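Okay, here's what each chain looks like letter by letter:
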Number of protein chains: 2
Amino acid sequence: MTATSPKRVTIADVARRAGVSPSAVSHAFNGRPNVSEATAARIRAAADELNWRPNYASRKISGQGGRSLGLVIARSRDTFGRDPFFMRLLAGLTEPLADIGWSLSLTLVQADEEERVYRQWWGEQRVDAFLLVDVRDDDPRLGLVEQLGAPAVLLGAPVEDGVPAVTVQDETAFATVLDHLAGLGHRGVARVTDAPGLAHTGARDRRFSRAAAELGVEATFVAWDPAAGDPVADLLGRLGAATAIVVDSESIAAQIVAHAPEVGVRVPDQLSVVAWEDSWVSTLVRPRLTALDAPVEESARTAVALLEQLVRGEAAESRTVSGRRLVVRDSTAPAPQ
Amino acid sequence: MTATSPKRVTIADVARRAGVSPSAVSHAFNGRPNVSEATAARIRAAADELNWRPNYASRKISGQGGRSLGLVIARSRDTFGRDPFFMRLLAGLTEPLADIGWSLSLTLVQADEEERVYRQWWGEQRVDAFLLVDVRDDDPRLGLVEQLGAPAVLLGAPVEDGVPAVTVQDETAFATVLDHLAGLGHRGVARVTDAPGLAHTGARDRRFSRAAAELGVEATFVAWDPAAGDPVADLLGRLGAATAIVVDSESIAAQIVAHAPEVGVRVPDQLSVVAWEDSWVSTLVRPRLTALDAPVEESARTAVALLEQLVRGEAAESRTVSGRRLVVRDSTAPAPQ
DNA sequence: TTGTAAGCGTTATCAC
DNA sequence: GTGATAACGCTTACAA
């Protein structure tokens, strides 16, 4: 079973059945105006009966642009797997892509294979555009896609020009968070980051500092060290005078609240924790995480819209989507005395 | 920027540069024996300099089978997003696929769109095989792929024939779990299931009953009701004499242990909980979940191997992968008196 | 409004 | 060992 079926039905079969020429079928299927509604209907009926659909490879080779978005993620299985953001992204991408007849080609690569995969997929014409995630400082992929001439959109990175980007409006996000914390009496707040090379890190650092200064809160920065024996204990030991932390990664924030009491720090009594992303995971741990929900699905939809413009040859402007919103749960509380 | 580059390099350019004919290039690139090693090297060099790769659509249209695996998931964004299994699956699929030059086309669909998408992707020749997950009782997709003549492999379902399947060996898994629980003094154990229509549910039910009978444990079945106001409280209220539960879904198990104490049930003192799948989520909640780890990555690799056989026209036998293993953590303890 | 014919970039066939 | 030449299934001028 499942040997490839002997004879594939082609446009010629449909044409024959509808009593027209192949090109008429093509016209009808591509919404070209030069075919009467009557024959178009006949053609569609014939195609339906034969269960025919235009062959993807054929139409691609004959000029009609393809419809496949490449998503190449340079992460280990593990760091990919424990980031709920990606589930939201994948799920959010899928629907707008389907709406325009595109599909998503996904792969995970090791860092040193990354460029090869972009070159290969583009060179083979396997994909027709790329979505760039986890954008790093001086990301080589920006130059690469430009060199290749591949349409590409950045997700989540504040890059100025070249490749259009979709970013989440978070000018005011830190102000919102710090306002919440300051209102609870916190005077020292630390920002916890992993993945130092990521392009958004610097921008967020600056916004954090600025927002803190405006509110008279002392801002510090602490790096998450996954190599430490007990990363949570290690981190908590380096917090200095901070009584609250804002954690870039939701899964790390979750780890922190789950494990902190076991190393002698009570959340939220002694330490308040805010996660910079939100998902079901934040509701799973105890105390539930106060988190900044980002409009991931809308970002995905916007990115797809930009991509569509690009492949049509139109220029595409970077866009900002708004909708960050602080979801206050149980991991933030008044500062300890 | 990023307008499609004006001129694409083709096999003819490479041939010209290497001073050979296009077919020689093709031969060299497809490991055909009729080209000398010397010219092959020259050809490869020329291709490298020009950064050329065989056009995917062109080679596909000219008979060479494609290399794209379709994965169509009929889940809502939400149920997809909160199942860590899928992250493991995607990550695990990606590497063996890359090894054989395939890519993964992923989409989420609503149940009533499912068949249409399979037909469309196959009809367009957009994919060359399917991986079927979330197989249901009397799953219509089995007949569908057979009718289409599409190579397909089932993942995780104990289906007898037609489409080859990859399943995880869990003949002994329930025995292992129940042995663990019986050893802790539990005499009544409930199996908690969501997703009643799934094909593996029945088989697991039977194995659970059998293993329980052999160990003299009373087996009961309880359905998770997501529509209840407080699904956890609702479930706990229907447990009868059971002092331990085995939960089919890891994320539900996590929800249960997290929320149970809030509705007056202490885990593991009053109730032991075992999750039927394992991931980082099990280590996140408190108490950490005792869970059955499944060899997801190996399943994925095996499925890809079967798929490869199928598209080459060979027959493929269903396979079972072993390696289920009970990871004892903190959610299981001696039965209450 | 419809049909004819020429590509698109590759692989396969079959002479050379 | 190498190179013309004809497919592959579709789109798209252009002619009817």
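Residues numbered from 1 in each chain as written. Chains lettered and ligands numbered in written order. Predicted model: local features only at pLDDT ≥ 70, side-chain atom pairs only at ≥ 80, totals over all residues. Heavy atoms only, no water.

Trainee: Explain the packing of aromatic side chains to me, and be specific about the residues and the numbers.
Mentor: Residue and element names in this part refer to chain A. A full pass over the atoms with the stated rule returns 16 aromatic pairs over all chains. Relative to F86, the ring of F85 lies with its centre 5.5 Å away and its plane at 75°, an arrangement referred to as edge-to-face. Residue F85 is classed as partly exposed on the basis of its relative accessible area of 24%. Residue classification places F86 among the buried positions, given a relative accessible area of 0%. (Phe/Tyr/Trp six-rings, centres within 6.5 Å; stacked < 30°, edge-to-face > 60°. Buried < 20%, exposed > 50% of the residue type's maximum accessible area, 1.4 Å probe, protein only.)

Trainee: Could you give me a rundown of the domain arrangement of chain A, with the residues and numbers involved?
Mentor: Residue and element names in this part refer to chain A. Along its sequence, chain A is carved into domain 1 (11-61), domain 2 (68-166 + 296-324) and domain 3 (173-294). Across the contact, 14 residues belong to domain 2 and 19 residues belong to domain 3. Counting each side, the surface lost to burial between domain 2 and domain 3 is near 1300 Å², with a carbon and sulfur contribution of 51%. On the domain 2 side of the contact with domain 3, P84, R88 and R324 bury the most area, a combined 47% of that side's loss. At the junction of domain 2 and domain 3, the tally comes to two salt bridges. For R88, the salt bridge goes to D293, with nearest N and O atoms at 3.1 Å. The tally of links from domain 2 across to domain 3 stands at nine residue pairs in polar contact (both at pLDDT 80 or more). At three residues, the largest contribution of residues to the side of domain 2 that touches domain 3 is made by helix α6 (residues 84-99). (Domains from an automatic or database assignment. Contact = heavy atoms within 4.5 Å. Buried area = accessible area lost by both parts, 1.4 Å probe. Salt bridge = Lys/Arg side-chain N within 4 Å of Asp/Glu carboxyl O. Polar contact = N/O pair within 3.5 Å; in protein donor to acceptor, adjacent residues only side chain to side chain. Helix = DSSP H or I, 4+ residues; strand = E, 2+ residues; numbered from the N terminus.)

Trainee: Go over the protein's contact with DNA strand C with me, naming the residues and quoting the values.
Mentor: Inspection of the region around DNA strand C gives 25 residues, with A:N34, A:T39, B:I11, B:S26 and B:R32 positioned closest. Protein-adjacent atoms of DNA strand C, using a 4 Å cutoff, are sugar or phosphate at a proportion of 66%. Within the side chain of B:S62, a nitrogen or oxygen atom sits 2.9 Å from a sugar or linking oxygen of DNA strand C. Elements supplying a minimum of two residues to the surface near DNA strand C: α2 (22-29) of chain A together with α2 (22-29) and α4 (56-61) of chain B. (Near = heavy atom within 4 Å.)

Trainee: Tell me about the side chain of A:T201, residues and numbers included.
Mentor: Note that A:T201 resides in helix α10 (residues 199-215). Every residue in contact with A:T201, bar those within four places of it in the chain, is listed here: A:R191, A:T193, A:A195 and A:P196.

Trainee: Go over the interface of chain B and chain A with me, naming the residues and quoting the values.
Mentor: Taken together, the contacts link 66 residues of chain B with 66 residues of chain A. Summed over the shared surface of chain B and chain A, the number is six salt bridges. Residues B:R288 and A:E262 are paired through a salt bridge, measuring 3.7 Å at the closest nitrogen-oxygen approach. Ranked by residue count, the leading element in the side of chain B that touches chain A is helix α6 (residues 84-99) of chain B, at eight residues.

Trainee: Explain the sheet that holds strand β6 (residues 188-193) of chain B to me, using residue names and the numbers behind them.
Mentor: Residues and elements named next belong to chain B. In space, the six strands of this open sheet follow the order β7-β6-β8-β9-β10-β12, with mixed pairing throughout. Each edge of the open sheet is held by one strand with a lone partner, namely β7 (218-223) and β12 (325-327). The mean inter-strand angle of the sheet, taken between neighbouring strand axes irrespective of direction, is 25°. As defined by bridge partners, β6 adjoins strand β8 (residues 244-247) across four bridges and the pair is classed as parallel. (Pairing = 2+ DSSP bridges. Axes fitted to C-alpha atoms, helices over the stretch in contact; angles between N-to-C directions.)

Trainee: Quick rundown of the UniProt feature "domain: HTH lacI-type" (unreviewed entry) in chain A? Include the residues and the values.
Mentor: As annotated in UniProt, the feature "domain: HTH lacI-type" (unreviewed entry) corresponds to residues 9-63 of chain A in the numbering used here. Regarding residues 9-63 of chain A, the helix share stands at 65% and the strand share at 0%, and the terminal C-alpha atoms are separated by 21 Å. (UniProt positions renumbered as here; feature names shortened; annotations may be inferred.)

Trainee: Give me the lowdown on the protein's contact with DNA strand D, citing residues and values where you can.
Mentor: DNA strand D sits among 27 residues. The nearest are A:I11, A:R32, A:W52, B:N34 and B:S36. The sugar and phosphate moieties of DNA strand D supply 67% of its atoms located within 4 Å of the protein. Between a phosphate oxygen of DNA strand D and a main-chain N or O atom of A:N55, the distance comes to 3.3 Å. The separation between a base oxygen of DNA strand D and a polar main-chain atom of B:I61 is 3.3 Å. Of all the secondary structure elements, the ones that give two or more residues to the surface near DNA strand D are α2 and α4 (56-61) of chain A together with α2 of chain B. For the surface near DNA strand D, the residue count by class is eight nonpolar, 16 polar and three charged. (Nonpolar A, V, L, I, M, F, W, Y, C, P; charged D, E, K, R; others polar.)

Trainee: Which residues make up the environment of B:R266, and what are the values?
Mentor: By the element assignment, B:R266 lies in the loop between α12 (250-259) and β9 (272-275). It is 21 Å that separates the C-alpha atoms of B:R266 and B:A228, two residues lying 38 residues apart in sequence.

Trainee: How would you sum up the pattern of salt bridges? Please name residues and give values.
Mentor: Residue and element names in this part refer to chain B. A full pass over the atoms with the stated rule returns 70 salt bridges over all chains. The partner of R238 in a salt bridge is D234, and the shortest N-O contact between them spans 2.7 Å. Under the relative-accessibility criterion, D234 is labelled partly exposed at 25%.

Trainee: Would you mind going over the pairing of strand β2 (residues 103-108) of chain B in detail, with residue names and values included?
Mentor: The buried count for β2(B) comes to six of six residues, which makes it a mostly enclosed element. The side-chain alternation of β2(B) yields two buried faces, one formed by B:S103, B:S105 and B:T107 and the other by B:L104, B:L106 and B:L108. Here strand β2 (residues 103-108) of chain A runs beside β2(B); their pairing, made up of three bridges, is antiparallel. From the neighbouring strand, A:L106 faces β2(B), where its bridge partner is B:L104. One ladder, built from six bridges, connects strand β1 (residues 68-73) of chain B with β2(B); its direction is parallel. Bridge assignment links B:V72 to a residue of β2(B), and that residue is B:T107.

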